[in-house]
Amino acid sequence: MTDTSSYSPIHIIGGGLAGSEAAWQIAEAGIPVILHEMRGVRGTDAHKTDSLAELVCSNSFRSDDATSNAVGVLHAEMRLAGSLIMSAADKNQVPAGGALAVDRDGFSDAVTKAIESHPRITVVREEVSGLPPRKWDLAIIATGPLTAPSLASAIQAETGADALAFFDAIAPIIHTDSINLDVCWFQSRYDKVGPGGTGKDYINCPMTEEQYNAFVDALITGDKTGFKEWEGTPYFDGCLPIEVMAERGRETLRHGPMKPMGLTNAHNPTVKPYAVVQLRQDNALGTLYNMVGFQTKLKYGAQAEVIRMIPGLEEAEFARLGGLHRNTYINSPVLLDPSLTLKSRPGLRFAGQITGCEGYVESASIGLLAGRFAAAERKGESLPLPPATTAFGSLLNHITGGHIVSDDEPGKRSFQPMNINFGLFPLLEPGAITKPEGVKRFRGKDKTVMKKQLVAARALDDCAAWLGGGDQLA
Ligand SMILES: Cc1cc2nc3c(=O)[nH]c(=O)nc-3n(C[C@H](O)[C@H](O)[C@H](O)COP(=O)(O)OP(=O)(O)OC[C@H]3O[C@@H](n4cnc5c(N)ncnc54)[C@H](O)[C@@H]3O)c2cc1C
């Protein structure tokens, strides 16, 4: 079949999860695509094949439960939007309980075949070593966590040295409603109001000397993950993992991120805490709080156990756990507009993990959105943003605006990659969660389940309306 489109092509750099999905969406909208993928000419440290949309590690797309799991909702929205990645995953599913896991080779082969045989897509195997030339008037950079150094330098030159990170040093993020405010209290250190603050901007968790010592011991002995050989050991003093600080001396944390100075326990003002853990609001909605300074290489299980030793966080639910990984991502909330376009270069979009989302599904979904925005722009149409209540909208909002940029750490960037989670969705209307008729005991746990179900149902309804009923892929 030959392409009869009269539109000029949109260029995509990177044929991973995001680039492949973006290419598919654009081509299905009737517009030609030139997809530039360097594998075949040059490899990365993690990819092992030349196939498009290679899964570099796990073969799981995580939970497929669209009724009460945020990534399951994202799966469902992508299916509604005719996602190639979801279609290939569904066709290559392997048994994995409630998760959607895939035969990795079958999956990548399916994506590669669909892309290579699409009449409107041309795949060029080459490394693009600078920003797209101006004559590529519409382009998407989807080069992922292992963006080739040449292109990374060009992005850095365009956006500024501080705007591109090569590691993510992630502190755990906790759902606000799982923090016990009978133990913790709101206060900024020395009640400082600062720009945009109230003097009560942090949630503080107090510790006695005994609790502090037990916590330090648990950090030091907890199970840790190592770095991959090619990652190096990217420690720099402003951003040491919490357990490395603990190893440097028993008092180090008490003089660093856990210092108790300038804080008075609102529940017990006469007793000075020995140490304090501070959590800072992480999103504009106020549904998530970030454990400031608690980036860590502790394994997930050990991490959750150690953090739940902190008074007030015994029942903590995590939107994400901490980590330190090789990554490449831009400071999207500052650099991108809501349609993922680089503010300084109209026509140039970013998609996938390089925008600061995390994970196969999230990266593909941002590719899907970038593709649809670019296709609409090529046609001279304007595509409304996905509603904030959808998984698409919530993730897009985190990347392009929902995250709060820290005021109290001038010069430091606080935007960190994030998986989709219910903390990114707007709250339900007050009174939405009510005891169902005939139910005798309606406990906190039941309310949480109902909340997730209502948020999930609202997301899918709003997504279907946004898509105009959906155009399911056969
Ligand atoms: C070691 C490692 C393990 C991971 N494990 C998991 C996991 O288990 N589960 C999970 O959900 N996520 C995992 N991730 C994150 C995962 O990489 C992303 O979720 C996903 O692959 C990102 O999709 P993407 O399309 O943005 O990038 P990618 O899938 O990496 O695609 C980017 C593509 O761009 C190409 N490229 C780069 N630079 C250029 C250039 N200059 N010119 C042309 N082409 C270029 C690359 O070859 C690649 O094909 C892992 C990441 C790493 C690094």
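Residues numbered from 1 in each chain as written. Predicted model: local features only at pLDDT ≥ 70, side-chain atom pairs only at ≥ 80, totals over all residues. Heavy atoms only, no water.

Caption draft 1: Broad picture of the sheet that holds strand 14 (residues 318-320). Here six strands make up an open sheet; going across it, the order is 10-11-12-13-9-14 and the pairing antiparallel. This sheet does not close on itself; its edge strands, each paired only once, are strand 10 (185-186) and strand 14. Sheet topology note: the strand 10/strand 11 (residues 202-207) ladder contains two bridges and is antiparallel. Bridged to Phe 186 within strand 11 is Ile 203. Along the sheet, helix 6 (residues 209-221) contacts strand 11 and strand 12 (275-281); its crossing angle with strand 11, the most-contacted strand, is approximately 100°. (Pairing = 2+ DSSP bridges. Helix = DSSP H or I, 4+ residues; strand = E, 2+ residues; numbered from the N terminus. Contact = heavy atoms within 4.5 Å. Axes fitted to C-alpha atoms, helices over the stretch in contact; angles between N-to-C directions.)

Caption draft 2: Structural context of the packing of helix 3 (residues 84-91) against helix 4 (residues 104-116). It is the contact of helix 3 with helix 4, at a shortest axis distance of 9 Å, that shows an interaxial angle of 135°. As judged from the angle between their axes, helix 3 and helix 4 are oblique. Between helix 3 and helix 4 lies a crossing of right-handed hand. Judged by residue contacts, Leu 84, Ile 85, Ala 88 and Ala 89 of helix 3 engage Phe 107, Ala 110, Val 111, Ala 114 and Ile 115 from helix 4. Tallied by class, residues from the contact of helix 3 with helix 4 come to nine nonpolar, no polar and no charged. (Parallel < 35°, antiparallel > 145°, perpendicular 65-115°, else oblique. Left-handed = near helix turned anticlockwise from the far one by under 90°. Nonpolar A, V, L, I, M, F, W, Y, C, P; charged D, E, K, R; others polar.)

Caption draft 3: Examining the domain arrangement of the protein more closely. Structurally, the protein comprises domain 1 (10-163 + 330-419 + 461-473) and domain 2 (169-326). Computed from C-alpha atoms alone, the centre-to-centre distance between domain 1 and domain 2 is 32 Å. (Domains from an automatic or database assignment.)

Caption draft 4: Inspection of the pairing of strand 13 (residues 288-291) at higher detail. With burial as the criterion, each face of strand 13 is covered, one bearing Leu 288 and Asn 290 and the other bearing Tyr 289 and Met 291. Across three bridges, the pairing between strand 9 (residues 173-175) and strand 13 is antiparallel. Within strand 13, the residue paired with Ile 173 across the bridge is Asn 290. Pairing between strand 12 and strand 13: three bridges, direction antiparallel. From the neighbouring strand, Arg 280 faces strand 13, where its bridge partner is Asn 290. Turn length for the strand 12-strand 13 hairpin, with the two strands adjacent in sequence and antiparallel, is six residues, and the turn residue Gly 286 shows positive phi of about 80°. (Buried < 20%, exposed > 50% of the residue type's maximum accessible area, 1.4 Å probe, protein only.)

Caption draft 5: Focus on the nonpolar core. The biggest cluster of nonpolar side chains holds 90 residues, and the ones touching the most others in it are Phe 61 and Phe 107. Of all the elements, helix 10 (residues 360-378) adds the most residues to this core, at ten residues. Two domains each provide a minimum of three residues to this core, namely domain 1 (10-163 + 330-419 + 461-473) and domain 2 (169-326). Discounting chain neighbours no more than four positions away, the residues touching Phe 61 are Leu 55, Val 71, His 75, Ile 85, Met 86, Ala 89, Leu 100, Val 102, Phe 107, Tyr 360 and Val 361. Of all hydrophobic cores here, the second largest spans 34 residues; its members include Cys 184, Phe 215, Ala 218 and Leu 279. (Core = buried A, V, L, I, M, F, W, Y, C linked by side-chain atoms within 4.5 Å.)

Caption draft 6: Structural detail: the site of the ligand. Of all residues adjacent to the ligand, which total 31 residues, the nearest are Ala 18, Glu 37, Gln 353, Gly 359 and Tyr 360. Between the ligand and Leu 17, the relevant distance is 3.1 Å, taken from an oxygen atom to a main-chain nitrogen or oxygen of the residue. Contact distances for the ligand include 2.9 Å between a nitrogen atom and a backbone N or O atom of Val 128. For the ligand, whose accessible area on its own is 980 Å², the fraction buried by protein is 91%. (Near = heavy atom within 4 Å. Polar contact = N/O pair within 3.5 Å; in protein donor to acceptor, adjacent residues only side chain to side chain. Areas by Shrake-Rupley, 256 points an atom, 1.4 Å probe, with all protein chains shown as cover.)

Caption draft 7: Structural context of the environment of Ala 27. Relative to the elements of secondary structure, Ala 27 occurs in helix 1 (residues 17-28). Taking the C-alpha atoms as reference, Ala 27 lies 6.6 Å from Ile 121; in sequence the two are 94 residues apart. Look past the residues within four positions of Ala 27 in its chain and what remains in contact with it is Val 33, His 118, Arg 120 and Ile 121.

Caption draft 8: Summary view of the pattern of salt bridges. Per the stated rule, a full pass over the model turns up 13 salt bridges. For Arg 79, the salt bridge is made with Asp 90, and the minimal N-O distance between the two is 2.8 Å. Taken together, the residues Arg 79 in helix 2 (residues 70-80) and Asp 90 in helix 3 connect sequence positions eleven residues apart. Take Asp 90: its relative accessible area is 29%, and that puts it in the partly exposed class. One salt bridge in this structure joins Arg 443 and Asp 446, with 3.3 Å as the shortest N-O distance. A relative accessible area of 38% means that Arg 443 is categorised as partly exposed. (Salt bridge = Lys/Arg side-chain N within 4 Å of Asp/Glu carboxyl O.)

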